[in-house]
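Commentary on secondary and tertiary structure
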Protein chains: 2
Amino acid sequence: MRDVAVIGVGMTKWGELWDKSLRTIFVETALLAIEDAGVDHIDSMVFGCMSSGLFVGQEHLASLLSDYLGKNPVPAARVESACSSGGLALRQGFIEVASGLSDIVLVGGVEKMTDVTGCEATYALGTAADQEYEGYHGLTFPALYAMMAVAHMHQHGTTREQLAMVAVKNHDNGSKNPLAQFPFRITVDAVLNSVLVADPLRILDCSPITDGAAAVILCPAGMAGKWKKPAVRIAGSGQATDTIALSSRKDLSWIESTHIAAQKALKMAGRKIEDIDLFEVHDCFTIAEICVTEALGIVKKGQGGRAVEEGLTSLQGKFPVNPSGGLKAKGHPVGATGVAQAVEIVKQLRGEAGARQVKNAKRGLTQNMGGTGGSSLVHVFEAE
Amino acid sequence: MRDVAVIGVGMTKWGELWDKSLRTIFVETALLAIEDAGVDHIDSMVFGCMSSGLFVGQEHLASLLSDYLGKNPVPAARVESACSSGGLALRQGFIEVASGLSDIVLVGGVEKMTDVTGCEATYALGTAADQEYEGYHGLTFPALYAMMAVAHMHQHGTTREQLAMVAVKNHDNGSKNPLAQFPFRITVDAVLNSVLVADPLRILDCSPITDGAAAVILCPAGMAGKWKKPAVRIAGSGQATDTIALSSRKDLSWIESTHIAAQKALKMAGRKIEDIDLFEVHDCFTIAEICVTEALGIVKKGQGGRAVEEGLTSLQGKFPVNPSGGLKAKGHPVGATGVAQAVEIVKQLRGEAGARQVKNAKRGLTQNMGGTGGSSLVHVFEAE
């Protein structure tokens, strides 16, 4: 397998983009990445999108997006793994370059979520759960994560305030990210007094509905020096699945697929979790970030709540988590999130992250998951 | 890149499977392939599905299918390229094994299409066209292919009877395939007198709505001798895109993406089209097979109608096309079709195709496309 590097990144402002269609959002972002890399062609495209069928009534994105990007007949593949579709696209692009089949691969992620009503969006997102055993009984994602939160509080003494502190931390970081959907700070009181969605989770514990895209350009690490920006190597890639239904898990508060995917990615990179300088993780709900910091091994099982309270995962902490603002403040266009995490890590490792720059960042890790952790993708990045 | 071989195949009876769900259909088929190969484990799964979101209200198939197959935490990826989702899955699996990342990869395709009304199915299939420029003006796939047929008849003198002969040939072949949805013969008169769908295409020019799945097991060719069945090598893989909207094409009767994908696959295999003994191609409508035989180079441009009339593409002809019965008689569960084509080629190259066996078959080719040819996948297979 060839070593693989990221040589360009692109992301536009995320939010409720009612004046833009899915194809427009994708093309604008892809062009930014192509320009950032300075490549004169691409050999192949892979992109993640969770449910363009339910959100905008359009499938066959391979043809649509290569067409609107003006890249026909370049091969294009769309991949789906619910909210980890972007992470899966990164992995598939990584494999394609590593294999030797293609040299310059555009990896993108996109989701247009605001062209439907709130109920329709909730239904579409619910298709990441087991529709026959969860959806048909009325369970939605806030409800599923609420059960995980209750289990975590019961087993480990995690407090309602600690959950809120995840949102406060990520909005602190997001206030420094001009591309974030909600680039402003909030307080613990604001979270605790916000509308209850699914007890104990309140609206400010939840990531938003977002339109957006993100893109990166990959090439063999051996060729990366040809292009204009410093290369960032993808040192490790790990993927794992778990039961789709939460009811089949042994432990409601533990995300096994992330644990396994992280072990695989770190093993491939020849690193330990302590070697990583910053993390972009899947905080679709505040409880998710707490569970993920444990599954990655940043802290021991049950210590995720305390970690955020003690500042371990803040921008100035020992293990900064979600310097971009995370899904909570940056937004969560589901198919784009996994790629946007890579965009942030690359910007950080290049020293281009502005007010939210993590000092001396040499190695970063992304963790992206689908559903309640039915699928997880973890990637390790290193500055060349 | 490592050489890649198919060491196991699986397919169950296709049709209107109202007593089975998507997950059941997939798992039954995957288990057949695993048993056929005799492997004791799998390292990874890739499968194609066009629109489980619109057909059954379920995304996140990576988690769902690995879970129901009892394979958690094995990595699983779902890919989508409309009706060529299965072919794309085959290519992604091929790349993964070729890269060295995984040894034993299960490649599957599945679609459950009959749990919705006819109108809903037509809408779901229509998402393979450009929804903003084609779908919203009322165009459906029979209408799009009808325009291609009219153009072909106008430019090349192709006759209404020649279109019918494609369906008759494929039903002849399909009558010998016990797994086909419609395993019986039809006549030219039956086609010409069947209900008009979109002039000049009649109902017997159209492939049906089908529930079904197909699966193959891949491994490095160097390890293929370990397993119980003769290995079939994937000698070439080609992929290309074209404009999603038919209105943007230079020539309505020519499928450029198939032409390019075939050239790539044959080049990788070091073969010419004359070296191929049999073909499984994407006859979603009778006109499609005619266009595809031309784009592949089996006959010259404009000669596809004459080729079927003269028997060139019949089971006993020089270039047998769709010995399985094709999409027309075997059925067309859209995401499964590309993988089922590979299943047929492998059975033929192993000499296991029974009454429809092509004599002395050493090399086969599959061609799978999305929409009106917005994406195409071509693979070349050779008996080891």
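Thresholds, definitions, all that
Residues numbered from 1 in each chain as written. Chains lettered and ligands numbered in written order. Predicted model: local features only at pLDDT ≥ 70, side-chain atom pairs only at ≥ 80, totals over all residues. Heavy atoms only, no water. Helix = DSSP H or I, 4+ residues; strand = E, 2+ residues; numbered from the N terminus. Rg over C-alpha atoms; globule rule 2.2 N^0.38 Å. Contact = heavy atoms within 4.5 Å. Areas by Shrake-Rupley, 256 points an atom, 1.4 Å probe, with all protein chains shown as cover. Lys, Arg positive; Asp, Glu negative; His and termini not counted. Charge placed at Lys NZ, Arg CZ, Asp CG, Glu CD. Phe/Tyr/Trp six-rings, centres within 6.5 Å; stacked < 30°, edge-to-face > 60°. Buried < 20%, exposed > 50% of the residue type's maximum accessible area, 1.4 Å probe, protein only. Lys NZ or Arg CZ within 6 Å of the ring centre and 35° of its normal. Least-squares fit on C-alpha atoms with pLDDT ≥ 70 in both. Salt bridge = Lys/Arg side-chain N within 4 Å of Asp/Glu carboxyl O. 1 Å grid on protein atoms, 1.4 Å probe; cavity = no way out; pocket = protein on both sides within 12 Å on 5 of 7 lines; lining within 4 Å. Points joined across faces, edges and corners; volume = space filled by probe spheres on them. Nonpolar A, V, L, I, M, F, W, Y, C, P; charged D, E, K, R; others polar.

1. Considerations on the overall build of chain A
Helix and strand counts for chain A come out as 13 helices and 11 strands. Its C-alpha atoms give chain A a radius of gyration of 19 Å, near enough to 21 Å, the size a compact globule of 384 residues would have. Partitioning the intrachain contacts of chain A with sequence separation of at least 6 by distance along the chain shows that 78% fall at a separation of at least 24. Only carbon and sulfur atoms are counted for the fraction: they give 53% of the accessible area of chain A, which is about 11900 Å². With 35 positive and 41 negative side-chain charges, chain A shows a separation of 6 Å between the mean positions of the two kinds.

2. Overview of the packing of aromatic side chains
Residue and element names in this part refer to chain A. Throughout the structure, instances matching the rule amount to eight aromatic pairs over all chains. Taken together, a centroid distance of 6.1 Å and an interplanar angle of 65 degrees make the contact between Phe279 and Phe319 edge-to-face. Remark: Phe319 occurs in the loop between helix H11 (304–309) and helix H12 (326–330) and Phe279 occurs in strand E9 (residues 278–280); sequence separation between them is 40 residues. The exposure class assigned to Phe279 is buried, which follows from its relative accessible area of 0%. Overall, the relative accessible area of 8% leaves Phe319 in the buried class. Above the ring of Tyr68, the side-chain terminus of Arg23 is found at 4.4 Å from the ring centroid.

3. Quick notes on the relation of the copies chain B and chain A
Each copy of the sequence occupies a distinct position, and chain B is placed on chain A by a rotation of 180 degrees and an axial shift of 0.0 Å, giving an RMSD of 0.0 Å. The two molecules are tied by a two-fold rotation axis, judged by turn and shift. The fraction of interface residues of chain B whose copies in chain A are also interface residues reaches 100%, indicating that both copies meet through the same surface.

4. Some points on the pattern of salt bridges
The tally for this structure, following the rule as stated, stands at 46 salt bridges over all chains. Among the ionic pairs, Asp103 of chain A bridges to Arg2 of chain A, the shortest N-O distance being 3.0 Å. Here Asp103 of chain A is found in the loop between helix H4 (85–99) and strand E4 (105–111), whereas its partner Arg2 of chain A is found in the segment before strand E1 (4–11), with 101 residues between them in sequence. The class of Arg2 of chain A is partly exposed, set by a relative accessible area of 27%. Here Arg249 of chain B ties to Asp242 of chain B by a salt bridge, and the two come within 3.3 Å at their closest N and O atoms. Pair check on accessibility: Arg249 of chain B and Asp242 of chain B agree, each one buried.

5. Looking at the environment of Val4 of chain B
Residue and element names in this part refer to chain B. Its place among the elements puts Val4 in strand E1 (residues 4–11). Exposure remark for Val4: the relative accessible area of 0% places this residue in the buried category. Along the chain, Val4 and Leu90 lie 86 residues apart, while their C-alpha atoms are 11 Å from each other. Leaving out residues up to four positions away in the same chain, Val4 has contacts with Phe94, Val97, Ala98, Leu218, Cys219, Ala221, Val232, Arg233 and Ile234.

6. Structural notes on the layout of surface pockets
Of the pockets and cavities examined, the largest pocket occupies roughly 680 Å³. Leu125, Cys206, Ser207, Pro208 and Ile209 of chain B are, among the 32 residues lining the largest pocket, the residues nearest its centre. Secondary structure elements with two or more residues in the lining of the largest pocket: helix H5 (118–126) and helix H6 (141–156) of chain B. A per-element tally of the lining of the largest pocket places H5 of chain B first, with five residues. Quantified by volume, the second largest pocket comes out at close to 540 Å³. Lining the second largest pocket are 28 residues, and of these Leu125, Cys206, Ser207, Ile209 and Phe285 of chain A sit closest to its centre. Among the elements of the structure, helix H5 (118–126) and helix H6 (141–156) of chain A are those that each provide at least two residues to the lining of the second largest pocket. The biggest single contributor to the lining of the second largest pocket is H5 of chain A, with five residues. Residue composition of the lining of the second largest pocket, grouped by class: 19 nonpolar, eight polar and one charged.

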